[in-house]
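Residue-level structure breakdown
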Amino acid sequence: MLATAAPRLRAAAGGLSLPAPVRAQLVSLPLRRPGRYASLRLRPSAAAAAAEAAPPAKEGAEGMGFEEMTAGTRRRYYMLGGKGGVGKTSCAASLAVRFANNGHPTLVVSTDPAHSLSDSFAQDLSGGALVPVEGPESPLFALEINPEKAREEFRTASQKNGGTGVKDFMDSMGLGVLVEQLGELKLGELLDTPPPGLDEAIAISKVMQFLEAQEYSMFSRIVFDTAPTGHTLRLLSLPDFLDASIGKILKLRSKIASATSAIKSVFGQEVQQQDAANKLEQLRERMVKVRELFRDTESTEFIIVTIPTVMAISESARLHSSLKKESVPVRRLIVNQILPPSSSDCKFCAIKRKDQTRALDMIRNDPELMGLNIIQAPLVDMEIRGVPALKFLGDIVWK
Ligand SMILES: Nc1ncnc2c1ncn2[C@@H]1O[C@H](COP(=O)(O)OP(=O)(O)OP(=O)(O)O)[C@@H](O)[C@H]1O
């Protein structure tokens, strides 16, 4: 029973209470104030008692606990995704803190255009660059990919330079060669409007950087806090789309090249043509790498986050089905915000708990979801913000 498990914890309206020191800080915590929590640590006894008081964290397959997630120093990617508002950011941030506290230099990346990593860590992590998170034992960095800023740069560049500045912008994302080709094919109008999927293209370009740039080589764990389902599915299918598009551009180029070769006698043109084609092939190879990364069971895992409601579970089942079609590895399902058992005679809580129990049964009987390792995460009675609160949640969820 919560009330007797530890004096710091109480059975509040059926939910799990944060320990007093964390609560005290949270009440007065402003948004995005850096450094506030750097020295605050949860007392191990409180965290342990909370973990004990929480509902069973896991069911399902053996050997799928945190030990397996943290083993080895070879880099692994974890993508957390699901319906809006279910707790993707809280779970991703808590996993990142847990990795960092277990010796992994970790990067947590938000690909959600409506970022909440800064709010979750209660530190200003905005700006689109790597920012150190204060608090964990090993280095933890955060990156909020800033598509709105990128969109703005895109618009400004194309307005100022009649389209040519767009190339610089796309160059910076490693996609400049695509623009060159579109320009050569006289598809200029395509360059003046941000293409659909630009947010995802920016995220993909970052993933390419993770694979290639020295700056990122130190990270042994990279955790993605993804956007709600639709966005994320587009993100995952984009490398395929770009690969196919590049294929089409290459074909079109070669058709145009052969049609015009008779009148092209300028020395060097052939070489230029070949150079552009090579660059396109290179970009294509990079896309293939990203696509393979998303599908590599050794290095990547997509973790679906849901809550115990019929609507969220139905969306999770659809998400899992789409991810399977994309061959993205999924093994775990977090069911967040579960009401722990309570001795209180709150009628509302009893009904809510029954509803949640039915929803959990629904997961166990759903053909799409039943094979996944289910991780139950308790509802805490306050917003989870700041490293100590995330550590508290992470120690309960990731066992
Ligand atoms: N287990 C929990 N107990 C209590 N509060 C929680 C829990 N999980 C998440 N929350 C709260 O719910 C809110 C939404 O959580 P979060 O931002 O993590 O969700 P999200 O799925 O990332 O949302 P979005 O789709 O808007 O990005 C936050 O205020 C967070 O503190």
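Report follows, based on the coordinates. From a predicted model like this one, the values you see are computed outputs, not experimental measurements.

**Considering helix α5 (residues 88-101)**
- In a regular helix each residue adds 1.5 Å, so 14 residues correspond to 20 Å; α5 covers 20 Å between its end C-alpha atoms and thus fits that length.
- Most of α5 is tucked away, with 13 of its 14 residues classed as buried.
- Just downstream of α5, G103 is the residue with a positive phi angle, here 90 degrees.

**Regarding the site of the ligand**
- Among the 17 residues in the neighbourhood of the ligand, the closest are listed as G84, G87, K88, T89 and S90.
- Among the secondary structure elements, those contributing two or more residues to the shell around the ligand are α5 and β9 (330-338).
- Residue contributions to the shell around the ligand peak at three residues, all from α5.
- Classifying every residue of the shell around the ligand by side-chain character gives six nonpolar, eight polar and three charged.

**Some thoughts on the packing of α5 against helix α16 (residues 387-397)**
- Packing of α5 against α16 brings their axes to within 8 Å, and their N-to-C directions diverge by 90 degrees. The angle between the axes of α5 and α16 places the two elements in the roughly perpendicular class. Contact residues: S90, C91, A93, S94, L95, V97, R98 and N101 in α5; V387, L390, K391, L393, G394 and V397 in α16.
- Looking at side-chain class alone, the contact of α5 with α16 contains eight nonpolar, four polar and two charged residues.

**A closer look at unusual backbone geometry**
- Even without glycine at this site, S327 takes up a positive phi of about 60 degrees.
- Overall, the presence of 13 C-beta atoms within 10 Å leaves S327 in the partly exposed class.
- A positive phi angle, near 65 degrees, is found at Q337, a position not held by glycine.
- Note on placement: Q337 falls in strand β9.
- The exposure class of Q337 is buried, given the 20 C-beta atoms found within 10 Å.

**Details of the pairing of strand β7 (residues 221-225)**
- With respect to burial, β7 is a largely interior element, five of its five residues being buried.
- Along β7, one buried face is formed by R221, V223 and D225 and the opposite face, lined by I222 and F224, is buried too.
- When strand β3 (residues 76-82) meets β7, the two strands line up parallel, connected through five bridges. Bridge pairing in β7 places R76 opposite R221.
- Pairing of strand β4 (residues 106-110) with β7 involves five bridges; the strand directions are parallel. Looking across to β7, one finds that T106 is bridged to R221.

Cut-offs applied
- Residues numbered from 1 in each chain as written.
- Predicted model: local features only at pLDDT ≥ 70, side-chain atom pairs only at ≥ 80, totals over all residues.
- Helix = DSSP H or I, 4+ residues; strand = E, 2+ residues; numbered from the N terminus.
- Expected span 1.5 Å × (residues − 1).
- Buried ≥ 20, exposed ≤ 12 C-beta atoms within 10 Å, placed from the backbone.
- Near = placed C-beta within 6 Å.
- Nonpolar A, V, L, I, M, F, W, Y, C, P; charged D, E, K, R; others polar.
- Axes fitted to C-alpha atoms, helices over the stretch in contact; angles between N-to-C directions.
- Parallel < 35°, antiparallel > 145°, perpendicular 65-115°, else oblique.
- Contact = placed C-beta atoms within 7 Å.
- Pairing = 2+ DSSP bridges.

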